[in-house]
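Commentary on secondary and tertiary structure
Here is what each chain is made of, one letter per residue.
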Amino acid sequence: MARSYGTSAARVEGLKRMFAHIRVLIMALMTLVPALAQAQTQSPTNVPAKPVKMVVLGDSLSAGFGLSAQAAFPARLQKALADKGIKVDMINAGVSGDTTSGGRDRLDWSVPDGTEAVIVELGANDALRGIDPAVTRAALTDILTRLKARNIAVLLCGMLAPPNYGSEYAARFNAIYPELSKSFGVPLYPFFLEGVAAEAKLNQADGIHPTPEGVDLIVKNILPTVEAFIGTISGQRS
C-alpha cells in the first residue's frame, strides 16, 4: 500500500506542476494575443493599396509636346508618386492645341468610367489666343459640374494670361481659377508653369513648351499638392 500511495502522490505532484506550467502559458498568451492584434491593425502597409485611377485632362503642356511619352508630365508625375509609395493608374488625356472648350467637348470619352480623380490643366491656349474669359469660365464651369456629377475628384491647375492682352484681360482671365476653385470646393494649384514660364533653359526653342527638365520642375513643385489631393481620395475610400 505504501508503494501504491507513493506512486499516486508523485503523479499528483506531477499533475500540479503540469497545470502550473499550463497556467503560466495561458497567461502569457492572453498578454500576447492583444498585442499581436494591435500590431496588425497598426500595420496596413502589409496590404497593397488599390491604385488611384487618375486622368490628366489637358493641352500640349501635359500631352508632352516635343517630348517622349515617358518625359511628359503625367508619366513623370506617376513616377514621382510611385517613388513615394503612392500607386496611380495614370491616363494622359492631353491634346496639343486644345482649349477649355475643346476639353469640355471631349470630356466624356477622355475620362472613362471608373476614374476617381482628374487633374484639369486647360486654359493656356485660351489665353494665348485672347479668347473671351467668359467663354473660358463657362467651359471650365461645365467641366467641373459634369465631373462633380460623376463623383470624380478634381484638382484644378491655374493658368495666367500673357501680358500682351493688357491688364484688364489678365485680371478677368486670372480670376477664373481661384474663383471656380472656391465655388466648387476643389483644390487649386495656382499656376501650372510656376518656376518654368519664361525660363529659357527650362523651355524648348518655342519658349512655350517645357523641356524634360522643365517638366521635372513642374512635377516637383506640384507634387505636395497632388499628394494631399490623393490623400483625400484615399480617406473617402475607407
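A brief look at the structure comes next.

1. So, the overall build of the protein chain
Tallying secondary structure elements over the protein chain gives ten helices and five strands in all. Burial analysis of the protein chain (238 residues in total) assigns 39% to the buried set. Relative to all contacts within the protein chain whose residues are 6 or more apart in sequence, the contacts with residues 24 or more apart total 78%. Just so you have it, the protein chain exposes about 13400 Å², and 60% of that area is on carbon and sulfur atoms.

2. Overview of the layout of surface pockets
Taken as a whole, the largest pocket spans an internal volume of roughly 400 Å³. Lining the largest pocket we find 22 residues, and of these Leu 128, Met 159, Leu 160, Leu 193 and Ile 208 sit closest to its centre. Of all elements in the fold, only helix H2 (60-63) and helix H6 (124-129) reach the threshold of two or more residues within the lining of the largest pocket. Sorting elements by how many residues they give to the lining of the largest pocket places H6 first, with four residues. A breakdown of the residues in the lining of the largest pocket according to their chemical character gives 14 nonpolar, seven polar and one charged.

3. Here we look at the packing of aromatic side chains
According to the stated counting rule, one finds four aromatic pairs in the structure shown. Judged by centre distance (5.0 Å) and plane angle (80 degrees), the rings of Phe 73 and Phe 192 are edge-to-face. You can see Phe 73 sitting in helix H3 (residues 73-83) and its partner Phe 192 sitting in the loop between strand S5 (188-189) and helix H10 (212-237), a full 119 residues away along the chain. Looking at Phe 192, the relative accessible area reads 1%, which means it is buried.

4. Quick look at the sheet that holds strand S1 (residues 52-58)
Reading across the sheet, the five strands line up as S2-S1-S3-S4-S5 and stay open at both edges, with parallel pairing between neighbours. The sheet is open, and its two borders are formed by strand S2 (88-94) and S5, each paired with just one other strand. As judged from the four bridges shared by strand S3 (residues 117-121) and strand S4 (residues 153-157), these two strands associate in the parallel manner. If you follow Ile 119 over to S4, its bridge partner there is Leu 155. Set on the sheet, H3 makes contact with S1, S2 and S3; between it and S2 the angle comes to about 165 degrees.

5. Examining the nonpolar core
With 58 residues, the main nonpolar core has Phe 73, Leu 77, Val 120, Leu 147 and Met 159 as its most contacted residues. Looking at which element gives the most residues to this core, the answer is H10, with nine residues. With sequence-adjacent residues up to four places away left out, Leu 147 is seen in contact with Leu 107, Val 111, Val 118, Val 120, Ile 152 and Val 154.

6. A word on the packing of helix H8 (residues 167-174) against helix H9 (residues 176-184)
Two quantities define a packed helix pair, namely the angle between the helix axes and the distance between the axes. Orientation of H8 relative to H9, taken along the N-to-C sense of each, is 20 degrees, at an axis distance of 5 Å. What the angle tells us is that H8 and H9 run roughly parallel. Seen from H8, the contacting residues are Arg 172, Phe 173 and Asn 174; seen from H9, they are Ile 176, Tyr 177 and Pro 178.

7. As for the pattern of salt bridges
A complete count under the given rule lists eleven salt bridges for this structure. Residue Glu 179 pairs with Arg 137 through a salt bridge whose shortest N-O separation is 2.7 Å. Here Arg 137 lies in helix H7 (residues 133-149) and Glu 179 lies in helix H9, a separation of 42 residues in the sequence. Note on Arg 137: relative accessible area 27%, which makes it partly exposed. Beyond isolated ion pairs, a larger network of salt bridges with shared partners links Asp 108, Asp 142 and Arg 146.

Parameters and conventions
Residues numbered from 1 in each chain as written. Predicted model: local features only at pLDDT ≥ 70, side-chain atom pairs only at ≥ 80, totals over all residues. Heavy atoms only, no water. Helix = DSSP H or I, 4+ residues; strand = E, 2+ residues; numbered from the N terminus. Buried < 20%, exposed > 50% of the residue type's maximum accessible area, 1.4 Å probe, protein only. Contact = heavy atoms within 4.5 Å. Areas by Shrake-Rupley, 256 points an atom, 1.4 Å probe, with all protein chains shown as cover. 1 Å grid on protein atoms, 1.4 Å probe; cavity = no way out; pocket = protein on both sides within 12 Å on 5 of 7 lines; lining within 4 Å. Points joined across faces, edges and corners; volume = space filled by probe spheres on them. Nonpolar A, V, L, I, M, F, W, Y, C, P; charged D, E, K, R; others polar. Phe/Tyr/Trp six-rings, centres within 6.5 Å; stacked < 30°, edge-to-face > 60°. Pairing = 2+ DSSP bridges. Axes fitted to C-alpha atoms, helices over the stretch in contact; angles between N-to-C directions. Core = buried A, V, L, I, M, F, W, Y, C linked by side-chain atoms within 4.5 Å. Parallel < 35°, antiparallel > 145°, perpendicular 65-115°, else oblique. Salt bridge = Lys/Arg side-chain N within 4 Å of Asp/Glu carboxyl O.

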